[in-house]
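# Analysis of the macromolecular model
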Amino acid sequence: MENFHYCAPTRVEFGRGVETLAGELIRGFGGTKALLHYGGGSVVRSGLLDRMIASLEAAGVAHVELGGVVPNPRVSKVREGIELCRREGVDFLLAVGGGSVIDSAKAIGYGLAYDGDVWDLYEHKCAPKGSTPTGCVLTLAATGSEMSDSSVISNEENGKKRGVNNDLCRCRFALLNPELTYTVPAYQTAAGSADIISHTMERYFSHGTSEPTDSLAEALIRTVLEMAPRAIKNPEDYDARAALMWAGSLSHNGLTGCGRGGHGRVGDWACHQLEHELSGMFDVTHGAGLAAIWGAWSRYVMPSDPARFARFARNVMGVDGADDTAAAFAGIEAYERFLREIGMPTNLRELGLTLDEKQLDALAYNCSFQGTRDIGSIRVLEQADMREIYRLAQ
Ligand code: NZQ
Ligand code: ZN
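A few points on the structure. Counting restarts for each chain: residues are numbered from 1 in the order of the written sequence. A letter from A marks each chain and a number from 1 marks each ligand, given out in the order of writing. In view of the model being predicted, local features appear only for residues whose pLDDT reaches at least 70, and side-chain atom pairs are presented and counted only at 80 or more, with totals across whole chains, interfaces and linings using the full set of residues. Only hydrogens and water are set aside when side-chain values are computed; all heavy atoms of the structure are taken into account.

Here we come to helix 3 (residues 48-58). Exposure classes here rest on a 1.4 Å probe applied to the protein chains alone. A residue is buried below 20% of its type maximum, exposed above 50%, and partly exposed in between. Numbering goes from the N terminus for both helices and strands, where a helix is a DSSP run of H or I of at least four residues and a strand is a run of E of at least two. When helix 3 is considered as a whole, its buried residues turn out to be Leu48, Leu49, Met52, Ile53, Ser55 and Leu56. The buried residues of helix 3 occupy an angular sector of 160° when the element is viewed end-on, so they sit on one face. What points out from helix 3, more than 90 degrees from its buried face, is the exposed set Asp50, Glu57 and Ala58. Contacts are residue-level and defined by heavy atoms, with any inter-residue pair within 4.5 Å sufficient. Buried positions along helix 3 lie against helix 1 (22-28), strand 2 (33-38), helix 2 (42-45), strand 3 (62-66), strand 4 (92-97) and strand 5 (134-138). Looking at the residues trailing helix 3, positive phi occurs at glycine 60, about 75°. Here, the arc refers to the directions that run from the helix axis to the C-beta atoms.

Written as structure tokens, this is what we have:
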């Protein structure tokens, strides 16, 4: 087992009605004026926004509102939020929504503690030095942003999507009420489930052994394989929604990476890095982009470690057979079958993209940061490998 850093400081309140605790919790963390940050309107239509305002008012927390965060959240909205918070003297950020809203709030938090343009941090010109305390009410089980150290933002001026990983942005609290996800459409439920599984896979398909972590990872993926179809069939199945919600948080709070390693990185993350270029350039749904790229990536890298893929096939996908390579292929096919069953694409065409040669070049060029970085750990990928995976994913 490798040495590891595990930091999961987010206070979690889980279950029916927990969103009403927001005002009290913000007070407890010293907040006096909150930014109520939300997306394109689902929280208005559901009445959740009004309930959040009531919770803040009951606790004597003043607030200003900023809605309109879009999926693949934009840096322009983040800049607007920073200006608003400075003008209004906001000292706590409350994100009410999915990963995009939480990431936008985290970015506003970084920006408030930085004198220059917040995009500098996402270009990694410098590291964040601080952030404004942030809490969230989650409405979509997917990204794990509610407990993660990550914020991912898109720049509409140059089509780049970039993430910053730093413990500074972790939410002070996450309020997880599975009932708030009853209205999530089937496509978003499926994409969220693919994302949850991917966060665990990215750490699982790397080098090293950490048996407790591997066993937890396998159980988490099996849980999502069972619960996603249930939640899609019956959106108000509380237990299925609850399982997806908690699996989402556990899959990206660092737990499934403890003790695993490889190439100086915890985990592989190639699928995420390949996907972030797709959603940066073409504005696709993150989880669907991951599903579309996974088959090509897994077939490309599997020969580097057939035993690992065979373990996944046997322990997660229920594949039999003694030969590792055959089992590995069967496991890949079984996971792709699952993705199709829940309505996810398994290639770029099904995602709605037909790429020409120039676009393939541009994706690989951007993903390799203009040829300056490699990605992955189970197999390290150079720019040419990235291009080949995009091509194979068509
Ligand atoms: O904007 P509204 O109207 O709220 O609608 C949203 C949005 O259209 C809708 N939605 C959310 N909750 C709903 C609901 N609709 C009905 N009922 C509800 N209860 O769902 C749509 C998608 O929302 P979004 O927040 O974009 O989805 P998700 O949570 O999947 O977030 C995706 C973003 O997070 C990033 C992704 O790259 C992408 O930008 N990620 C963030 C990570 C992190 N911070 O740790 C890790 C991930 O790997 C990922 O990169
Ligand atoms: Zn993800």
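Next, the rest of the story.
Attention shifts here to the sheet that holds strand 3. As summarised here, the arrangement of the six strands in space is 1-8-5-4-2-3, forming an open sheet in which the pairing is parallel. Strand pairing shows two members of the sheet lacking a second neighbour, strand 1 (11-14) and strand 3, which therefore form its edges. Sheet twist, expressed as the mean angle between neighbouring strand axes with direction ignored, is 20°. Sheet topology note: the strand 2/strand 3 ladder contains five bridges and is parallel. Bridged to leucine 35 within strand 3 is valine 64. Across the face of the sheet, helix 3 comes into contact with strand 2, strand 3, strand 4 and strand 5 while running at roughly 170° to strand 2. To get an axis, a line is fitted to the C-alpha atoms, and for a helix only the part in contact is used. The angle between two axes follows their N-to-C directions and goes from 0 to 180 degrees. Where helix 4 (residues 75-88) meets the sheet, its contacts fall on strand 2, strand 3 and strand 4, and the angle it forms with strand 3 comes to roughly 155°. Any two strands with at least two DSSP bridges between them are considered paired.

With that settled, the discussion passes to the nonpolar core. Put simply, a nonpolar core is a bunch of buried Ala, Val, Leu, Ile, Met, Phe, Trp, Tyr and Cys residues held in one set by side-chain atoms that sit within 4.5 Å of each other. Residues Trp297, Phe312 and Tyr335 are the most contacted members of the largest nonpolar core, which totals 102 residues. Ranked by the residues each element gives to this core, the list is headed by helix 11 (residues 286-301), at ten residues. Those domain boundaries reflect an automatic or database domain assignment. Viewed by domain, this core spans two of them, domain 1 (11-180) and domain 2 (184-392), each represented by three or more residues. Ranked by size, the runner-up nonpolar core spans 22 residues in total, among them Leu25, Ala59, Val61 and Val137.

Right, let's get into the coordination of the zinc ion (ligand 2). Any N, O or S atom lying within 2.8 Å of the metal counts as a donor, and for Na, K and Ca the limit rises to 3.2 Å; water is left out, so some sites can look incomplete. Asp195 (OD), His199 (NE2), His272 (NE2) and His286 (NE2) make up the full set of protein donors to the zinc ion (ligand 2), lying at 2.0 to 2.2 Å. Motif for the zinc ion (ligand 2), donor spacing along one chain: D-x3-H-x72-H-x13-H. Of the two residues, aspartate 195 is situated in helix 7 (residues 186-204) and histidine 286 in helix 11; the sequence distance between them amounts to 91 residues. Of the two residues, aspartate 195 and histidine 286, neither departs from the other in class, the shared state being buried.

For the rest of this paragraph, the subject is the site of ligand 1. Here a residue is near a molecule or strand as soon as one of its heavy atoms is found within 4 Å of it. Of all residues adjacent to ligand 1, which total 31 residues, the nearest are Gly40, Ser42, Ser100, Asp103 and Lys161. Here a polar contact is recorded for every N or O atom pair within 3.5 Å, except that within protein the pair must consist of a potential hydrogen donor and a potential acceptor, and residues adjacent in sequence are included only if both atoms are side-chain atoms. A distance of 2.8 Å separates an oxygen atom of ligand 1 from a polar side-chain atom of histidine 272. Of all the elements in the fold, those that place two or more residues in the shell around ligand 1 are helix 5 (99-112), strand 6 (150-155), helix 7 and helix 10 (270-282). Each residue is assigned to one of three groups, with Ala, Val, Leu, Ile, Met, Phe, Trp, Tyr, Cys and Pro labelled nonpolar, Asp, Glu, Lys and Arg labelled charged, and all others, Gly among them, labelled polar. Classifying every residue of the shell around ligand 1 by side-chain character gives eight nonpolar, 20 polar and three charged. Each of domain 1 (11-180) and domain 2 (184-392) gives at least three residues to the shell around ligand 1.

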